[in-house]
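Chains, contacts and geometry: an overview
Here's the letter readout for the chains.
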Amino acid sequence: MTLQEILDEITEKYPHGLSNDSVIRKINQIQNELFRTTFRVNTMTQYDILSNVFAYPLPCNRTNVIDVVVNDQEYRYYDVKQTATVPFYYFTEKNDLGIYPTPTKDSSGGMIIFHNREPRKLHINMLGAEPDLDRDFHMLLVYGGLTQIAENFQDVAMVNNYTSKYNGLLQEFNKTNDERPDYPVIADVMGGLL
């Protein structure tokens with residue numbers, strides 16, 4: 001579904017009179033929450049390391065950083081409340097990731113930040129675009145948006161109705177991901193197990 005189709009579906013199911021900007025804000029919040037809790041996708045961003053440069057822009061929110069590898073060496077996170085082990089990384093107030101010790105030479109593709117993917121923020125100029133959420137589950141954005149809109153109007157019956165549909169879709173998603181085939185153990189020609 002495109003963003004426009006999601007907005008249309010929401011309006012058809014619950015005429016509300018809210019602006020598209022208001023509804024899109026709710027959709028963004030729901031999508032961010034889903035990516036943070038349910039649809040976690042690991043990805044990576046690679047940077048060239050520059051001599052005497054210690055800070056690099058974060059490709060995500062701080063809480064989504066999983067691991068940092070610099071020149072094939074894993075760096076540990078350092079919090080000022082902890083004892084530092086060298087090498088380490090830390091966050092700056094400008095939402096940069098700093099590495100210590102500061103590099104003394106350039107290294108092409110020398111830093112990899114592994115992180116949880118974040119969805120792009122939708123806005124009114126993207127009505128023809130699809131959200132980053134798996135297209136099989138775009139109705140989560142519809143029912144999540146409907147729940148929040150019904151809350152705005154203090155419509156308890158509809159909040160319960162839409163929350164139930166939303167939770168049902170979440171269960172369906174979790175069931176789909178839990179259904180992994182059990183492959184038989186195969187022996188190789190040398191008699192060992194693969």
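Please refer to the structure placed before this passage.
The structure displayed is predicted, hence computed values, not measured ones. (Residues numbered from 1 in each chain as written. Predicted model: local features only at pLDDT ≥ 70, side-chain atom pairs only at ≥ 80, totals over all residues. Heavy atoms only, no water.)

**As for the pairing of strand β4 (residues 73-77)**
Two strands pair when backbone bridges link them, and strand β3 (residues 65-70) and β4 are joined in this way by three bridges, in the antiparallel orientation. Counterpart to Val-69 in the pairing with β4 is Glu-74. Where β3 folds back on β4, the antiparallel hairpin that results is connected by two residues, among which Asn-71 adopts a positive phi of roughly 45°. Where β4 lies against strand β5 (residues 88-91), two bridges are found, and the strand directions are parallel. (Pairing = 2+ DSSP bridges. Helix = DSSP H or I, 4+ residues; strand = E, 2+ residues; numbered from the N terminus.)

**Observations concerning helix α1 (residues 3-13)**
Of all the positions in α1, only Leu-3, Ile-6, Leu-7, Glu-9 and Ile-10 are classed as buried. Looking straight down α1, one finds that the buried residues subtend no more than 160° of arc, so they occupy a single side. At its buried positions, α1 is contacted by α2 (20-37) and α3 (139-152). (Buried < 20%, exposed > 50% of the residue type's maximum accessible area, 1.4 Å probe, protein only. Arc of directions from axis to C-beta. Contact = heavy atoms within 4.5 Å.)

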